[in-house]
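One letter stands for each residue in the lines below.
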Amino acid sequence: MSRAAIVTREISPALLIAEVKSPEFGAISVFAGTVRETNDGRSVSAIDYSAYTLMAEAELERILAETAEEFGVSAIVVEHRVGPLALGDVSVAIVAAHAHRAPALDATRFVIEEIKKRVPIWKREHYADGSREWVDPTQATGVAR
Amino acid sequence: MSTVTVQLFASYAETLGGTTLEIPLAAGSTVGDLVLSIRSLPGAYALPESLRVAVNRKFASLDQVVDSRDEVALIPPVAGG
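Conventions we followed
- Residues numbered from 1 in each chain as written.
- Chains lettered and ligands numbered in written order.
- Predicted model: local features only at pLDDT ≥ 70, side-chain atom pairs only at ≥ 80, totals over all residues.
- Helix = DSSP H or I, 4+ residues; strand = E, 2+ residues; numbered from the N terminus.
- Rg over C-alpha atoms; globule rule 2.2 N^0.38 Å.
- Pairing = 2+ DSSP bridges.
- Contact = placed C-beta atoms within 7 Å.
- Axes fitted to C-alpha atoms, helices over the stretch in contact; angles between N-to-C directions.
- Nonpolar A, V, L, I, M, F, W, Y, C, P; charged D, E, K, R; others polar.
- Buried ≥ 20, exposed ≤ 12 C-beta atoms within 10 Å, placed from the backbone.

Novice: What is the right way to read the overall build of chain A from this model?
Specialist: The helix and strand inventory of chain A stands at 3 helices and 9 strands. Each helix and strand of chain A, ordered N terminal to C terminal, gives the series β-α-β-β-β-α-β-β-β-α-β-β. Against the compact-globule benchmark of 15 Å for 145 residues, chain A has a radius of gyration of 16 Å, which places it among compact chains. On the principal axes, the C-alpha backbone points of chain A span a range of 50 × 30 × 25 Å.

Novice: Is there a simple way to explain the sheet that holds strand 2 (residues 20-25) of chain B in this structure?
Specialist: Sheet strands pair by backbone hydrogen bonding; their relative direction is either parallel or antiparallel. All names here are of chain B. The mixed open sheet is built from 5 strands, whose spatial order is 2-1-5-3-4. The sheet is open, and its two borders are formed by strand 2 and strand 4 (58-59), each paired with just one other strand. The pairing of strand 1 (residues 2-7) with strand 5 (residues 72-75) spans 2 bridges and is parallel. Bridge assignment links Val 6 to a residue of strand 5, and that residue is Val 72. Its contacts with the sheet put helix 2 (residues 31-39) on strand 1, strand 2, strand 3 (52-55) and strand 5, and the angle it makes with strand 2 is roughly 115°.

Novice: So what exactly am I meant to see when it comes to the interface of chain B and chain A here?
Specialist: Many analyses report the size of an interface as the accessible area lost when the parts associate. Facing the 14 residues of chain B at the interface are 23 residues of chain A. Breaking the side of chain B that touches chain A down by element, the ones donating at least two residues are helix 1 (10-16) and strand 5 of chain B. Looking at the side of chain B that touches chain A, its residues break down into 9 nonpolar, 4 polar and 1 charged.

Novice: Looking at this model, I keep getting lost on unusual backbone geometry. Mind explaining?
Specialist: All names here are of chain B. Positive phi, normally seen in glycine, also occurs at Ala 10, with a value near 50°. Mapped onto the elements, Ala 10 comes out in helix 1. Residue class for Ala 10 comes out buried when judged on the 25 C-beta atoms lying within 10 Å of it. Phi angles above zero are rare outside glycine, and Arg 57 is one such case at about 70°. Checked against the element boundaries, Arg 57 lands in the loop between strand 3 and strand 4. Note on Arg 57: 16 C-beta atoms within 10 Å, which makes it partly exposed.

Novice: Please explain the sheet that holds strand 1 (residues 2-7) of chain A as it appears in this structure.
Specialist: All names here are of chain A. The strand order across the open sheet formed by 4 strands is 1-5-7-2, and the pairing between neighbours is mixed. Every interior strand has two partners, whereas the edge strands, strand 1 and strand 2 (27-34), have only one. Neighbour-to-neighbour, the strand axes of the sheet open up by a mean angle of 5°, direction not taken into account. When strand 2 meets strand 7 (residues 90-98), the two strands line up antiparallel, connected through 8 bridges.

Novice: I'm lost on the pairing of strand 5 of chain B in this one. Help?
Specialist: Where a strand is regular, its side chains alternate between the two sheet faces. Residues and elements named next belong to chain B. Neither face of strand 5 is left uncovered, since the one carrying Val 72 and Leu 74 and the one carrying Ala 73 and Ile 75 both have all their residues buried. Taken together, the 4 bridges between strand 3 and strand 5 define a ladder with antiparallel strand orientation. Bridge pairing in strand 5 places Arg 52 opposite Ile 75.

What follows is the structure, given as structure tokens:
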């Protein structure tokens, strides 16, 4: 089974694990992205995420189809949250299950990297000084992304 | 001549002052033609040099033909994750 969704509620990685869990698998890989307190040296106080939801879900489905083809991982769920998020909140979670660990780990890595390149989701960061800005990774000055 | 509705999101909605654009296009026009029309709008100077367009919820190439029945969107640099 695979499932992709844009959600407006809290993401529970534990529920996603329960969704893919099966005795046929020996590995479940979990990636959770969370809201960090700094970006490019600025102090972040909160983030608003927004999406072109219908396309974002379609693009996530295409990424999951590619993941099945590339890594043989078809038990995988991904949720991305939109709306106002606080520091430490889970913004995205990817949970992949496979008989063996390597494909499960590779699948979660592949999905998050593709999300960052092609899923129409945007974030506006609120900074400690009261200002706010849309994040444009193509203009970022930071080294590690 | 038909009119294509273009959805705008995030920074582009702010730059262009709304969540949709109505762009008149001649029959047989392409995504490239649409981009040229958008670039002639007031405020469009603030858009980046490279624009990504989605047609029917998929990224489209500049030579793809568009008409009024298509769901068209201008996609700002994505920042999910």
